[in-house]
Amino acid sequence: MALLSSVRVRFAPSPTGELHIGGARTALFNYLFARAKKGTFILRIDDTDLERSRAEYTEALLDAMRWLGLEWDEGPYYQSRRLERYEDEAARLLKEGKAYRCFCTPEELTAGREQAHKDGKNYLYPGTCRDLTPEKIEEYCESGRDFVVRLRIPDEGSTVVRDLIRGEVRFNHRDLDDFIIMKSNGLPTYNFASVVDDAEMKITDVIRAEEHLSNTPRQQLCLEALGYEQPRYAHVPMILAPDRSKLSKRHGATSVEEFRSRGYLPEALINYMALLGWSPGEKEILPLSEMIPLFSLERVNKTAAIYDTTKLTWMNGQYLRAVPPERLAAEALPFYTAAGLVEPPLGGEEEEYYEKVVKAVSDRVKTLAEMADASTYFYREVDSYDEKGVRKHFRKEGSAALLRRAASLLHTLEPFDLDSVESGYRNLSKELGISAGRLIHPTRLAISGRTMGPGLFDIIVLLGREKTVSRLEKAALWIERQ
RNA sequence: GGCCCCAUAGUCUAGUGGUUAGGACGCCGCCCUCUCAAGGCGGUAGCGGGGGUUCAAGUCCCCCUGGGGCUACCA
């Protein structure tokens, strides 16, 4: 029983570009639905558009899916490898008179459309070839004229889409025309291929973006003509760019690959996307595994969402801080490499140092890219001092002398560890009758060039005696020369 | 243009006739503190407009407005 009712869903992207967060979110909802229902999640590549489909996009797509952790149970199936199926099904419809050959040229069609537009009228395919005589058809075929196959749509009546999220939506047949199911190049159109595959793959629930809602009556009509059962439909809200328009390249980071390269963690991206259109209830921060039992289409809303990187970034910070140090070091390595700070493979001491740097810096950043950026002075000499910091901490009377005192303290300090450095600093400030901050701030600026960062004593110990002392002296010199 | 969907703060959302309209990000302030984060506390800001229905409307109905989608030999 449970087996019979088991759900089968699919994510069916077309490999015409990178996977953007809209598509990824649709994939995620399909995945969550399948897992929550103990069903099957199928991946299908809808690559019937030869012009725009590219093999490298398919690879990138699979890569992105794997990176996100959205494991599929079946597939990937490729529509381009199933062309015979569509041909057979189209031939069947032709034979049964449910579809017909249309010999109109694209030019004729376009002219009709433009004319209608000029007259301010609606354009629907006028049905020119709808009732061609068998003789005429044969004549056209023999003369080698190109043709497409169109589905015959009833003139009267309507088709109702029962959507799990939106309720019943009615479409009048008079607003639909006999649309094309097979192009003149012999390839199926989306509406047709998709339906043939969904039927053959026994898809029980079609969960996809809202942009497909208007196409659903066409698909239902196809299914009906083909004599297959209807799946259930659920059209999830779209994800819009910050300017409310449809997602596109010019909106900065929109593809999964881009977020990845900007230093976002897959679990943060997943968590953030899940919250776009779905609400789990109490907790907002929750990993994929915890989302599964909570997921249901009833809690998916109808409103298009505008994605907002600010919240994603915050969430990434949350995840970053929860990641075990070893994994964090591994995830961050490509970013340190790209920034030219390290060159893997890292040796023993080098690796130890790297891990300490990561640990020191990770608490105060939100992305892996920021992490590398915040680490530069652990690998390079300081070549400039933060301007505001200079005004605040270097310009004061006696700053250079202060730095020299600190340098000489550290020069001989034993042992050179966190506790002794800190107490050494605190004692020195007491001795000089100044606040610890008066000593700490210029030191940070001197050894890191920055006014913010990890705890000063952590930096000092990590950097080591030699570098710290030399940077302090260098800064003192710099101040004196100003 | 036609058809369809949608409408709670800047953003993501809870809400299914009776709530001081709840949470999160952001922003502001305070606390903590060597800085910056993190964390804690507090604050800022919302039911697009107009008509109905009802004792009572963010919630139901209609209109308007706004946004989005489809209307391709794209998916």
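None of the values given here were measured: they were computed from a predicted structure.

(A) Expanded view of the pairing of strand β5 (residues 148-151). Burial along β5 is two-sided: Val148 and Arg150 facing one way and Val149 and Leu151 facing the other are all buried. Alignment of β5 against strand β8 (residues 180-182), held across two bridges, turns out to be antiparallel. Opposite Arg150, over in β8, you have Ile180 as the bridge partner.

(B) Spatial organisation of the protein's contact with RNA strand B. Of all residues adjacent to RNA strand B, which total 62 residues, the nearest are Asp49, Asn122, Lys183, Gly277 and His441. With respect to RNA strand B, the side chain of Lys311 contributes an N or O atom lying 3.3 Å from a base nitrogen. Those elements giving two or more residues to the surface near RNA strand B turn out to be α4 (106-118), β7 (167-172), β12 (305-306), α11 (309-322), α18 (436-448) and α19 (456-463). Looking at which element gives the most residues to the surface near RNA strand B, the answer is α11, with five residues. For the surface near RNA strand B, the per-class residue count stands at 20 nonpolar, 19 polar and 23 charged.

(C) A look at the layout of surface pockets. Estimated volume of the largest pocket: approximately 1200 Å³. Taken together, the elements giving at least two residues each to the lining of the largest pocket come down to β1 (8-11), α1 (21-36) and β9 (205-209). Considering every element that reaches the lining of the largest pocket, the biggest residue donor is α1, with five residues. Classifying every residue of the lining of the largest pocket by side-chain character gives 13 nonpolar, 15 polar and twelve charged. Computed from the structure, the second largest pocket encloses a volume of approximately 470 Å³. Lining the second largest pocket are 22 residues; nearest its centre among them are Glu355, Lys356, Val358, Lys359 and Ala360. Listed by contribution, the elements that provide at least two residues to the lining of the second largest pocket are α11, α12 (325-338), α13 (348-362) and α19. No other element matches α13, which puts six residues into the lining of the second largest pocket. The class makeup of the residues in the lining of the second largest pocket is twelve nonpolar, two polar and eight charged.

(D) Structural context of the pattern of salt bridges. A complete count under the given rule lists 34 salt bridges for this structure. Two residues, Arg8 and Glu74, come together in a salt bridge whose shortest N-O distance is 3.0 Å. Taken together, the residues Arg8 in strand β1 and Glu74 in strand β3 (residues 74-78) connect sequence positions 66 residues apart. The partly exposed category is assigned to Glu74, whose relative accessible area is 22%. We note a salt bridge from Arg262 to Glu258, for which the minimum N-O separation is 3.9 Å. Since its relative accessible area comes to 23%, Glu258 is described here as partly exposed. A single network of salt bridges, built from pairs that share partners, joins Arg10, Arg44, Asp46, Arg82, Arg85, Glu89, Arg92, Glu96, Lys98, Asp197, Asp198 and Glu200.

(E) Summary view of the sheet that holds β8. One open sheet accounts for three strands, arranged β4-β5-β8; its pairing is antiparallel. The two strands at the open ends of the sheet, each matched to only one other strand, are β4 (99-102) and β8. The average undirected angle you get between the axes of adjacent strands in this sheet is 45°. Where β4 meets β5, four bridges bridge the pair, whose relative direction is antiparallel. Considered in β5, the bridge of Cys102 is made with Val148.

(F) Spotlight on the packing of helix α9 (residues 266-274) against α11. Two elements in contact, α9 and α11, have axes whose closest approach is 9 Å; the angle formed by their N-to-C orientations is 135°. On the basis of their axis angle, the class for α9 and α11 is oblique. Handedness of the α9/α11 crossing: right-handed. In contact with Glu267, Ala268, Leu269, Asn271 and Tyr272 of α9, α11 contributes Lys311, Leu312, Met315, Asn316 and Tyr319. Among the residues making up the contact of α9 with α11, the classes are represented as six nonpolar, two polar and two charged.

What counts and what doesn't
Counting starts from 1 at the beginning of each chain's written sequence and moves along it residue by residue. For naming, the first written chain is A and the first written ligand is 1, with later ones following in the order written. Side-chain atom pairs in this predicted model are given and counted only at pLDDT of 80 or more, local residue features only at pLDDT of at least 70, and totals for whole chains, interfaces and linings cover all residues. Only hydrogens and water are set aside; all other atoms, that is, all heavy atoms of the structure, feed into the side-chain values. Note on classification: 1.4 Å probe, protein chains only; a residue is buried when its accessible area is under 20% of the maximum for its type, exposed when over 50%, partly exposed between these limits. Helix and strand labels come from DSSP, where a helix needs a run of H or I of at least four residues and a strand needs a run of E of at least two; each type is numbered from the N terminus. The criterion for strand pairing is that DSSP finds at least two bridges linking the strands in question. For each residue, the test is whether any non-hydrogen atom lies within 4 Å of the molecule or strand; if one does, the residue is near. Under this definition, polar contacts are N or O atom pairs within 3.5 Å; protein pairs additionally need one hydrogen-donor-capable and one acceptor-capable atom, and for neighbouring residues in sequence, both atoms have to be side-chain atoms. Residues are grouped as follows: Ala, Val, Leu, Ile, Met, Phe, Trp, Tyr, Cys and Pro are nonpolar; Asp, Glu, Lys and Arg are charged; every other residue, Gly included, is polar. Cavity and pocket criteria rest on a 1 Å grid covering protein atoms alone: a 1.4 Å probe that fits but cannot get out defines a cavity, protein on both sides within 12 Å along at least 5 of 7 lines defines an open pocket, and an atom within 4 Å of a point defines a lining residue. Grid points are joined across faces, edges and corners, and a volume is the space filled by probe spheres set on the points. Between Lys or Arg on one side and Asp or Glu on the other, a salt bridge is scored when a side-chain nitrogen of the former is within 4 Å of a carboxyl oxygen of the latter. A fitted line through C-alpha atoms serves as each axis, taken over the contacting stretch for helices, and the angle formed by two N-to-C directions is quoted from 0 to 180°. Any angle that falls under 35 degrees is termed roughly parallel, while one over 145 is termed roughly antiparallel, one within 65 to 115 roughly perpendicular, and all others oblique. What makes a crossing left-handed is the near helix being turned counterclockwise from the far one by less than a right angle; a clockwise turn instead makes it right-handed. Contacts were defined at the residue level, with two residues in contact if any of their heavy atoms lie within 4.5 Å.

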